Amino acid sequence: MCPNKKRRRESILAYWEERADENPDSPAATTDDIYLRELEILTLTDTLKGLLRQRPGSLLEVGCGDGYSTLRIASALPNLQITAVDFSRNMIRNANLRLSKESDLRKRLKFLIGDVRDLHPVVGENQYDLVLSDRCLINLASLKEQEQALQKIAEHLSPEGFFIAIENFVEGQERMNEARKIMGLDEIPVRWHNLYFREDEFRSMVGKFAKTIEFRDFSSSYYFATRVIYSAMCRIRGEEPDYLHEIHRRAVELPWTGAFSPIRMAIVEKG
Ligand SMILES: C[S@@+](CC[C@H](N)C(=O)[O-])C[C@H]1O[C@@H](n2cnc3c(N)ncnc32)[C@H](O)[C@@H]1O
């Protein structure tokens, strides 16, 4: 492997290990924007309920972090058996600590250390009705690694299963930044440890195993309210934006409209 890529991967792992250590018991270990995560959890539980329609099912989550969202999903879907993996030991340690306080969930939820690029050592040949990735694949070091991870996800998905991806896309980031520019705001850059997808590349990679691909711009209104309107108000008032400002909590309830967020949900049906 190219030494630069190896170093990049090690730095990304170190970054997540550190975030887990710094946030052992907080919803902010995997994002500072805790209301965005709330919106993700609400959207995911609705989506999973719609797909399962109260039937029992199995779910593999890749890049589960400290399990904060996983535990909420498990509580909301009592017929779901969940295996959740993350390559950060500290994240999995924190996830297991959370799980140890939830005796009802222990029978049908397990957290394991594992890498999305090679799931076999951790889940063997198992296949799942559902595979979920919530902002995991954007942490891989190259498009090639993202493609490799998508292939592994396909291998562990049942023949008629669904892959649900909440990931970041360049096009939404660009639209958000165009709107920010009109309001006199600086561009928000992609962070050093992230590699966003382009929609056409994503479609072509998952198209190798998918029957259908549906995108849902569930966080567009949230991003427009917080990253454009609220940020512009802060600029006018000479204040620093604060993720805990009330506007974030209220924006979770907005109806979805537009395509102004990098974060999109793709529902991919295998076939
Ligand atoms: C942005 S966090 C999201 C965590 C969780 N899905 C959530 O919504 O809170 C990204 C997670 O992906 C994990 N991750 C990154 N690369 C990974 C890989 N190659 N295999 C497994 N997990 C990975 C990180 O350790 C981190 O916990």
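Residues numbered from 1 in each chain as written. Predicted model: local features only at pLDDT ≥ 70, side-chain atom pairs only at ≥ 80, totals over all residues.

Novice: How do you make sense of the site of the ligand when you look at a structure like this?
Specialist: Neighbouring the ligand are 20 residues; W16, T30, G63, G65 and D134 lie closest to it. Each residue belonging to the shell around the ligand can be placed in one class, and the counts come to nine nonpolar, six polar and five charged. (Near = placed C-beta within 6 Å. Nonpolar A, V, L, I, M, F, W, Y, C, P; charged D, E, K, R; others polar.)

Novice: Any chance you could explain the nonpolar core here in plain terms?
Specialist: Grouped together as the largest cluster of nonpolar side chains are 51 residues, with contacts concentrated most on V131 and F163. When near neighbours in sequence (up to four residues on either side) are disregarded, F163 contacts V131, I153, L157, V268 and K270. Ranked by size, the runner-up nonpolar core spans 12 residues in total, among them Y35, L36, F224 and F260. (Core = buried A, V, L, I, M, F, W, Y, C linked by C-beta atoms within 7 Å. Buried ≥ 20, exposed ≤ 12 C-beta atoms within 10 Å, placed from the backbone. Contact = placed C-beta atoms within 7 Å.)

Novice: Any chance you could explain the packing of helix α1 (residues 3-22) against helix α4 (residues 89-100) here in plain terms?
Specialist: In a packed pair of helices, the relevant descriptors are the angle between the two axes and the axis-to-axis distance. Two elements in contact, α1 and α4, have axes whose closest approach is 7 Å; the angle formed by their N-to-C orientations is 35°. Contacts between α1 and α4 pair W16, E17, A20 and D21 from the former with R89, N90, M91 and N94 from the latter. For the contact of α1 with α4, the class distribution of residues is three nonpolar, two polar and three charged. (Axes fitted to C-alpha atoms, helices over the stretch in contact; angles between N-to-C directions. Helix = DSSP H or I, 4+ residues; strand = E, 2+ residues; numbered from the N terminus.)

Novice: What exactly am I supposed to notice about helix α9 (residues 220-237) here?
Specialist: Because each turn of an α-helix spans 3.6 residues, side chains separated by three or four positions in sequence point in the same direction. End to end, α9 covers 24 Å across 18 residues, agreeing with the expected 26 Å (1.5 Å per residue, within 8%). Approximately 30° is the largest bend angle found in α9, and it occurs at S231. Lining the buried residues of α9 we find α2 (34-52), α7 (170-182) and α10 (246-251). Trailing α9 by a residue or two, G238 shows a phi angle of about 70°, which is positive. (Expected span 1.5 Å × (residues − 1). Bend = angle between axes of the 7 residues up to and from the residue.)

Novice: Whenever I open this one, the environment of S142 confuses me. Can you help?
Specialist: Considering the arrangement of structural elements, one finds S142 in the loop between β4 (128-134) and α6 (143-155). Separated by 53 residues in the primary sequence, S142 and L195 place their C-alpha atoms 7.2 Å from one another.

Novice: Would you mind showing me how to read the environment of A259 here?
Specialist: Considering the arrangement of structural elements, one finds A259 in the loop between α10 and β7 (263-270). On a C-alpha basis, the gap between A259 and Q173 in space is 9.2 Å, while along the polypeptide they are 86 residues apart. Apart from the residues within four sequence positions on either side, A259 is in contact with G172, R175, D217 and S220.

Novice: Is there a simple way to explain the packing of α2 against helix α3 (residues 68-76) in this structure?
Specialist: Where α2 contacts α3, the two axes come as close as 10 Å, and the packing angle between them is 35°. Crossing handedness for the pair α2 and α3: right-handed. Within the contact between the two elements, α2 uses R37, E40, I41, L44, T45 and L48 and α3 uses S69, R72, I73 and A76. (Left-handed = near helix turned anticlockwise from the far one by under 90°.)

Novice: What is the right way to read unusual backbone geometry from this model?
Specialist: The phi angle of most residues is negative, glycine excepted, and most peptide bonds adopt the trans form. A positive phi angle, close to 45°, is found at R53, a residue other than glycine. Along the chain, R53 falls in the loop between α2 and β1 (57-62). Overall, the presence of 7 C-beta atoms within 10 Å leaves R53 in the exposed class. Although it is not a glycine, R135 adopts a positive phi angle of roughly 55°.

Novice: So what exactly am I meant to see when it comes to the sheet that holds strand β3 (residues 109-113) here?
Specialist: Neighbouring strands of a sheet are bound in pairs by backbone hydrogen bonds; such pairs are parallel or else antiparallel. The strand order across the open sheet built from seven strands is β3-β2-β1-β4-β5-β7-β6, with neighbouring strands paired in mixed fashion. Looking along the sheet, the strands with just one partner apiece sit at the ends: β3 and β6 (210-216). Taken over all neighbouring pairs, the strand axes of this sheet differ in orientation by 15° on average, direction set aside. Contacts from α4 reach β2 (80-86) and β3, with the element oriented near 160° to β3. (Pairing = 2+ DSSP bridges.)

Novice: Teacher, can you tell me more about the environment of L52 here?
Specialist: With respect to the helices and strands, L52 occurs in helix α2. The class of L52 is partly exposed, set by 17 C-beta atoms lying within 10 Å. Separated by 42 residues in sequence, L52 and E10 place their C-alpha atoms 37 Å apart. Residues in contact with L52, not counting those within four places in the same chain, are G57, L77 and N79.

Novice: Please explain the pairing of β1 as it appears in this structure.
Specialist: For β1, the buried fraction is high: five of the six residues fall into the buried class. For β1 and β2, the ladder comprises six bridges, and the chain directions are parallel. Residue pairing for β2: S58 is matched across the bridge by Q81. For the segment spanning β1, α3 and β2, crossover handedness is right-handed. (Right-handed = clockwise from strand over helix to strand, strands pointing away.)

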